[in-house]
Amino acid sequence: MANRLAILWALVVLAVGVHQVHFWRAARLDTDVLALLPEDEQAPEVDAATRKLADEAGRQVVLLVGAKDWASAQQVADEATRALARASDVLEPAVVDTSALDLAVDFYRPYRDRLLTPAQRQWLTRATPEELGGTALMKLYQPAGARMTDWNADPLGLWPDWWQARAAETSARPRDGRLWLSGEGREWVLLTWKSKVSAFALGDGARVTAAVEQARARVEAAVPGARLVASGVPLYAEAAAAQASWEMSTIGLGSLAAVLILVWLTFRSLRPILLVGVSLALGCAVALSVTALVFDRVHLLTLVFGASLVGVAEDYGFHYFAARQGKAPSERGPVMRSLLPGMALALVTSVVAYLALGVAPFPGLRQMAVFSAAGLTAAFLTVVCWFPSLDRGTLPVTAFSARFSASITRWPRITSTRGWWLTGAAVAALVAVGLWKLEPQDDLRQLQGAPANLIADQRELGRLLGLPSPAQFFLVEGDSDEQVLAREAVLKQRLDALVAERVFAGYRAVSDWLPSQAQQREDAALSARAEARAVAAVSESTGEAPTRAAFAEEPLTPSRFLAGPAAATIRQQWLGTLGARQYSVLMLRGLNDPQQLPRLEEATRGLEGIRWVDKTAEISGLLGRYRRIMGGLIVAGYVAVLLMLGTRFGRQAWRAWLPSVLGTLITLALFGWVGAPLQLFTVLGLVLLLGMGVDYGIFLLEHPGDGAAWLAVALAGVSTLLSFGLLALSATPALRSFGLAMLLGEVTIWILTPCFRLPPKKATP
């Protein structure tokens, strides 16, 4: 029977090997970090809008190069441009210089008559013929200079004001062929570059950051006191990737080395290390194949998280070799049969805990849950099916393992004495106070772990340029392009009142650059009437017969606008068709006070087809909702595990169950005492504690008084602590919260579990 199982598992492993060859040849690894985030549960169009905005912003690197005077600013801007141009394999310049403005002016010229600001509409509606004539005469006889168009094409001088309104969307202005602004004691040149790869695609090193730092060094060396301020998602993504790489290499490899040293001290044989290594390798291979079959593609971060299997999957091998130590090779089969019930029960609790991670709507967590559950199962089957056959030769008891196995007899045992009851009451009081002090914190902004210099640069850029935020915006939908643009215009009327109250600085809307066709016709008719009166007045005053220039007969359409040069800066806000509807995004500038967000949401009241989107609040709410759901699952899980343990251990089941419950409560209380916030990632750590912590109690109840079982539990606890608990040292807030929960919980459960072992009379080795 054992040989048949070994052969059957070998066939499965062979099939997995074939699949692995196909998988790696097809390169079905996903590196897009956005693929890990949850989609909007009620509104996929909001998710599409966010992804489009993020994709556009995800490649952009904005730089301001400044010096005390304009000449020096131009000099250092040239230095920065030359330095960035050397990184042409990852960066390319974005076209935002004054040549782009000239192209846009030429594009709009045939449509000048239908491009009016709200203030111009009001003035043209109420202006008398005398006012119009006087204005036209003034424009006609004003001193010669640079003009955007001839007098007869714009007799009232309306067009410059329309462009001035568009230019207000940014502080930068054309100057000497560059985009310039002045602020904070310096003259600045705006440079905009784009990354050639998505910032969310991992594995491309920190080449954008290196190029920016080289440009910064050139700027500071060229002119004393010159500065370069840079911001962009690629810089944040590379900083996060570098941090993750460092943590994985130091924490991951460090914990693996510590586990190997511990195994060597315990067994003084390469055989346990090699066979446990085989079980881990097969566990990872099977996990990868199962995940690829379920999800088609496997995310790179899933593989990174899969490395944490080292901390759990080796437990089955540890239990086998701890029990096998000091026994003859002929006892391999009986040893495995004696361990099998406890190992199977431990596998079930751990797999259920891992799969519970998949309840959260994060695609990344679901992949990790399937990966880990499959990996654990494969490692278990490798140990059960192959270890009795492959483990040949003797395995003597080492001095280290003998001393540690004997330590179980000296470990305190909780009994019904006055001292233990007083201790329990004190701990209960401390836990109750800690839980009372515990505060949940689901704000997404608290999970940011970006370097301080990047945040400082972003804030300075925001002050100087007034860039819109992709985190809060209005989503406008309609049956047609025309309806979307018309609804934007209605929304803008309400927002103008808030801008006047300085709730925020302004907005950027597609309809500012592309008015609805109805608006174009109305404005064209209005300007035609007004300018006809103005031209007539000028003719009467001068005795000449000037004529008004002709303009395009057809309105400017979305397709033509999007194909033209003027759409470059606004194209990402036009979502086009999603499903059967049309969508656009209206973005806000200078929104610095979170207290004003409700007023913006209130602005949409009664407006059909307009939705206020606050992605920060939305994801924060999602984190909070699933924190509560996962908390409920933990409670239900503990009840289910107790029932499961009861079928195996009867009235003694509480001895395996209670340490994990206490470990969870004490961990939460410690969070409360130290002021650490309770987050979703804290709760996810507690979910894993439920599955892993109960395992220790199961093995001590399965083998009461057996020092080998205690040795295996100790090895498993230390390896889990090294694999997960060291994440508490991570600089990433989410990982740190997860690791801290695992560290505190694992230590507490590991200490408490032997305290609840069976009394000596029942603990017969």
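Treat the numbers as computed from the prediction; the structure is a model and nothing was measured.

Participant: Would you mind going over the layout of surface pockets with me for this structure?
Facilitator: In this structure, the second largest pocket encloses a volume near 740 Å³. Residue lining of the second largest pocket: 27 residues in total, with Pro118, Lys492, Asp496, Tyr507 and Asp512 positioned closest to the centre. Those elements that provide at least two residues to the lining of the second largest pocket are α5 (118-126), α7 (158-167), α19 (481-500), β10 (506-508) and α20 (510-513). Counting residues per element, the lining of the second largest pocket draws most heavily on α19, at seven residues. Grouping the constituent residues of the lining of the second largest pocket by class yields 13 nonpolar, seven polar and seven charged.

Participant: Help me understand the pattern of salt bridges in this model?
Facilitator: A pair can form between side chains of opposite charge whenever their charged atoms are brought close. Taken as a whole and judged by the stated rule, the model has 23 salt bridges. With its nearest N and O atoms 3.7 Å apart, the salt bridge here joins Glu477 to Arg611. With Glu477 in strand β9 (residues 468-478) and Arg611 in strand β13 (residues 610-614), this pair connects stretches of sequence that are 134 residues apart. For Glu501, the salt bridge goes to Arg599, with nearest N and O atoms at 2.7 Å. Here Arg599 lies in helix α23 (residues 597-602) and Glu501 lies in the loop between α19 and β10, a separation of 98 residues in the sequence.

Participant: Teacher, can you tell me more about the pairing of strand β5 (residues 178-183) here?
Facilitator: Moving residue by residue along a regular strand, the side chains alternate between the two faces of the sheet. Looking at chain direction, strand β4 (residues 173-175) and β5 are connected through three bridges and run antiparallel. Looking at the pairing, Arg173 lines up with Trp180 of β5. A loop of two residues connects β4 with β5, the two strands running antiparallel in sequence, and Asp176 in this loop sits at a positive phi of about 55 degrees. Bridging between β5 and strand β6 (residues 186-195) involves four bridges; their strand directions are antiparallel. Note on β6: the bridge partner recorded for Gly183 is Arg186.

Participant: Explain the environment of Ala172 here, please?
Facilitator: For Ala172, the position within the fold is in the loop between α7 and β4. According to the relative accessible area criterion, Ala172 is buried, its value standing at 7%. Sequence-distant contacts of Ala172, defined by excluding residues within four places in its chain, comprise Leu179, Trp180, Leu181, Leu190 and Leu465.

Participant: Looking at this structure, how should I read empty space enclosed by the protein?
Facilitator: Per the counting criterion, the structure on display carries three cavities of 30 Å³ or more. There is about 50 Å³ of room inside the largest cavity. The wall of the largest cavity is formed by Val312, Asp315, Tyr316, His319, Ala346, Ser350, Asp695, Tyr696, Phe699 and Ala716. Contributions of two or more residues to the lining of the largest cavity are made by α13 (315-324), α14 (332-357) and α26 (680-702). Split by residue class, the lining of the largest cavity holds six nonpolar, two polar and two charged.

Participant: What exactly am I supposed to notice about the nonpolar core here?
Facilitator: Side chains of a nonpolar character, in soluble globular proteins, are inclined to be buried together. With 94 residues, the main nonpolar core has Tyr320, Phe321, Met343, Leu645 and Phe724 as its most contacted residues. Tallying contributions element by element places α26 first for this core, with 15 residues. Beyond its immediate chain neighbours, meaning those up to four positions away, Phe321 contacts Phe267, Arg271, Pro272, Leu275, Val276, Phe387, Asp391 and Leu395. By size, the runner-up hydrophobic cluster in this structure holds 37 residues, among which are Ala509, Trp513, Ala567 and Ile570.

Participant: Looking at this model, I keep getting lost on the packing of aromatic side chains. Mind explaining?
Facilitator: Centre distance and the angle of the planes are the two values used to describe a pair of aromatic rings. This model, assessed by the stated rule, comprises 23 aromatic pairs. The interplanar angle of 75 degrees and the centroid separation of 5.5 Å between the aromatic rings of Phe107 and Tyr108 together place this pair among those described as edge-to-face. Taking the relative accessible area as the measure of exposure, Phe107 reaches 13% and is therefore buried. Members of the aromatic cluster, connected to one another through ring pairs, are Phe107, Tyr108, Tyr111, Trp159, Trp162, Trp163 and Trp513. Seen from the ring of Trp162, Arg166 lies directly overhead, with NZ or CZ sitting 5.1 Å from the centre.

Participant: Got a minute to help me understand helix α6 (residues 129-141) in this structure?
Facilitator: Each α-helix winds once per 3.6 residues, and so residues spaced three or four apart point in a common direction. The terminal C-alpha atoms of α6 lie 18 Å apart, and with 13 residues this matches the ideal 18 Å at 1.5 Å per residue to within 8%. Every buried residue of α6 is listed here: Leu132, Gly133, Thr135 and Ala136. With its buried residues spanning 165 degrees around the axis, α6 presents them on a single face. Facing away from the buried side of α6, by more than 90 degrees, are the exposed residues Glu130, Met138 and Tyr141. Looking at the buried side of α6, the elements it contacts are α5 and α21 (517-542).

Participant: Could you clarify how one ought to interpret the packing of α13 against helix α27 (residues 707-724) in this entry?
Facilitator: Two numbers describe a pair of packed helices, the interaxial angle and the distance between the axes. Contact pair α13 / α27: the axes reach a minimum separation of 8 Å and the direction vectors enclose 150 degrees. One finds that α13 runs roughly antiparallel with respect to α27. When you trace α13 past α27, the crossing you get is right-handed. Contacts between α13 and α27 involve Asp315, Phe318, His319, Ala322 and Ala323 from the first element and Ala708, Leu711, Ala712, Val713, Leu715, Ala716, Ser719 and Thr720 from the second.

Participant: What is the right way to look at the side chain of Ser660 in this model?
Facilitator: Structurally, the position occupied by Ser660 is in helix α25 (residues 654-674). Residue class for Ser660 comes out buried when judged on its relative accessible area of 0%. A polar contact is formed between the side chain of Ser660 and the backbone nitrogen of Val694, at a distance of 3.1 Å. Ignoring anything within four residues of it in the chain, the contact list for Ser660 reads Tyr638, Leu689, Gly693, Val694 and Ile749.

Participant: Is there a simple way to think about unusual backbone geometry in this case?
Facilitator: Glycine aside, the phi torsion of most residues is negative, and most peptide linkages are trans. Phi at Arg268 takes a positive value of approximately 50 degrees, unusual for a residue other than glycine. Tracing the chain through its elements places Arg268 in the loop between α9 (233-267) and α10 (270-295). Residues other than glycine seldom take positive phi values, yet Arg502 does so here, at roughly 60 degrees. In this fold, Arg502 is placed in the loop between α19 and β10.

Participant: Mind showing me how you'd approach the pairing of β13 here?
Facilitator: With four of five residues buried, β13 lies mostly within the body of the structure. Bridge count between β9 and β13: five bridges; the pairing is antiparallel. Each bridged residue has a counterpart across the sheet, and for Gln472 the counterpart in β13 is Asp614.

Participant: What is the right way to look at a nonpolar patch on the surface in this model?
Facilitator: Nonpolar side chains collect at one region of the surface, where Leu5, Ile7, Leu8, Leu11 and Leu14 lie side by side and expose about 490 Å² of accessible area between them. In this structure, Leu14 sits in helix α1 (residues 2-26). Overall, Leu14 belongs to the exposed group, its relative accessible area being 57%.

Participant: Is there a simple way to think about the side chain of Thr349 in this case?
Facilitator: Topologically, Thr349 is positioned in helix α14. Polar side-chain contacts of Thr349 include one of 2.8 Å to the backbone oxygen of Ala346. Filtering out sequence-adjacent residues up to four positions away, Thr349 remains in contact with Met644, Gly691, Asp695 and Ile698.

Participant: What am I meant to see in the environment of Arg571 here?
Facilitator: Locating Arg571 in the fold gives a position in the loop between α22 (558-563) and β11 (574-578). Separated by 10 residues in sequence, Arg571 and Phe561 place their C-alpha atoms 9.3 Å apart.

What counts as what
Residues numbered from 1 in each chain as written. Predicted model: local features only at pLDDT ≥ 70, side-chain atom pairs only at ≥ 80, totals over all residues. Heavy atoms only, no water. 1 Å grid on protein atoms, 1.4 Å probe; cavity = no way out; pocket = protein on both sides within 12 Å on 5 of 7 lines; lining within 4 Å. Points joined across faces, edges and corners; volume = space filled by probe spheres on them. Helix = DSSP H or I, 4+ residues; strand = E, 2+ residues; numbered from the N terminus. Nonpolar A, V, L, I, M, F, W, Y, C, P; charged D, E, K, R; others polar. Salt bridge = Lys/Arg side-chain N within 4 Å of Asp/Glu carboxyl O. Pairing = 2+ DSSP bridges. Buried < 20%, exposed > 50% of the residue type's maximum accessible area, 1.4 Å probe, protein only. Contact = heavy atoms within 4.5 Å. Core = buried A, V, L, I, M, F, W, Y, C linked by side-chain atoms within 4.5 Å. Phe/Tyr/Trp six-rings, centres within 6.5 Å; stacked < 30°, edge-to-face > 60°. Lys NZ or Arg CZ within 6 Å of the ring centre and 35° of its normal. Expected span 1.5 Å × (residues − 1). Arc of directions from axis to C-beta. Axes fitted to C-alpha atoms, helices over the stretch in contact; angles between N-to-C directions. Parallel < 35°, antiparallel > 145°, perpendicular 65-115°, else oblique. Left-handed = near helix turned anticlockwise from the far one by under 90°. Polar contact = N/O pair within 3.5 Å; in protein donor to acceptor, adjacent residues only side chain to side chain. Patch = residues over 30% accessible without salt bridge, like charges linked within 9 Å, V, L, I, M, F, W, Y side chains within 5 Å. Areas by Shrake-Rupley, 256 points an atom, 1.4 Å probe, with all protein chains shown as cover.

From the geometry alone we can't say anything about function, so treat these as descriptive.
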